[in-house]
Amino acid sequence: MSVLYDQSVVIVRPATTTDRYGNERPDYGPAAERIPVAQVNVQPSGSTEDTDDRQITVTGWLLISAPGTMPDLRDTDRVEFDGQVLEVTGKVGRWPTPTAIRHIEAQLKEVD
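Described below are features of the structure shown in this document. (Residues numbered from 1 in each chain as written. Predicted model: local features only at pLDDT ≥ 70, side-chain atom pairs only at ≥ 80, totals over all residues. Heavy atoms only, no water.)

Considering unusual backbone geometry
Thought 1: Positive phi, normally seen in glycine, also occurs at Q39, with a value near 60°.
Thought 2: Looking at where Q39 falls in the secondary structure, it is placed in strand β4 (residues 33-50).
Thought 3: Assessed through its relative accessible area of 30%, Q39 is described here as partly exposed.
Thought 4: Non-glycine residue D82 carries a positive phi angle of around 55°.
Thought 5: In this structure, D82 sits in the loop between β6 (78-81) and β7 (84-88).
Thought 6: Given the relative accessible area of 64%, D82 is considered exposed. (Helix = DSSP H or I, 4+ residues; strand = E, 2+ residues; numbered from the N terminus. Buried < 20%, exposed > 50% of the residue type's maximum accessible area, 1.4 Å probe, protein only.)

Structure (structure tokens):
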């Protein structure tokens, strides 16, 4: 395995709960399934925006799995990494080869 993919994360797959109005909502608390995943690379991606009052830096993350790995990451999941909780933004990219999935990529952002 390349040292590029020596990080690990925990995928947090939500349970379902019902709110007081009868709507089903995702529950990322203790009832959520936690799935350890190795052989990934998580790297920052960010942008800066200037306003009249201040400079705002919005930092996102890019998760890439090692070639030949296909973690079951879904767009409804969250990811625990380096003491942070990150949510998947958008669809998870799955990069195919003629015979299989080569790797996945997902954009992540910090959950407030």
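Now that the structure is up, let's keep going.
Quick look at the packing of aromatic side chains
Thought 1: Counted under the stated rule, the structure contains one aromatic pair.
Thought 2: The interplanar angle of 65° and the centroid separation of 6.1 Å between the aromatic rings of W61 and F81 together place this pair among those described as edge-to-face. With W61 in strand β5 (residues 55-65) and F81 in strand β6, the pair connects residues that are 20 residues apart, well separated along the chain.
Thought 3: Over the face of the ring belonging to Y28 we find R78, whose NZ or CZ atom lies 3.9 Å from the ring centre. (Phe/Tyr/Trp six-rings, centres within 6.5 Å; stacked < 30°, edge-to-face > 60°. Lys NZ or Arg CZ within 6 Å of the ring centre and 35° of its normal.)

Overview of the side chain of R13
Thought 1: Here R13 lies in strand β1 (residues 7-13).
Thought 2: A distance of 2.8 Å separates the side chain of R13 from the side chain of D77, its partner in a polar contact.
Thought 3: Dropping the residues within four chain positions of it, R13 is found in contact with A32, E33, I35, D72, L73, R74 and D77. (Polar contact = N/O pair within 3.5 Å; in protein donor to acceptor, adjacent residues only side chain to side chain. Contact = heavy atoms within 4.5 Å.)

What to know about the pairing of β7
Thought 1: Only one face of β7 is covered, namely the one carrying Q84, L86 and V88; the face carrying V85 and E87 has none of its residues buried.
Thought 2: Linking β6 to β7, which pair antiparallel, is a turn of two residues; within it D82 sits at a positive phi near 55°. (Pairing = 2+ DSSP bridges.)

As for the nonpolar core
Thought 1: Core analysis: the biggest nonpolar cluster contains 16 residues, and V9, V42, L63, L73, V79, F81 and L108 have the highest contact counts within it.
Thought 2: Where this core is concerned, the elements lending two or more residues are β1, β4, β5, β6, β7 and β9 (101-110).
Thought 3: Beyond its immediate chain neighbours, meaning those up to four positions away, L108 contacts G60, W61, L63, V79, L86, E87, V88 and T89. (Core = buried A, V, L, I, M, F, W, Y, C linked by side-chain atoms within 4.5 Å.)

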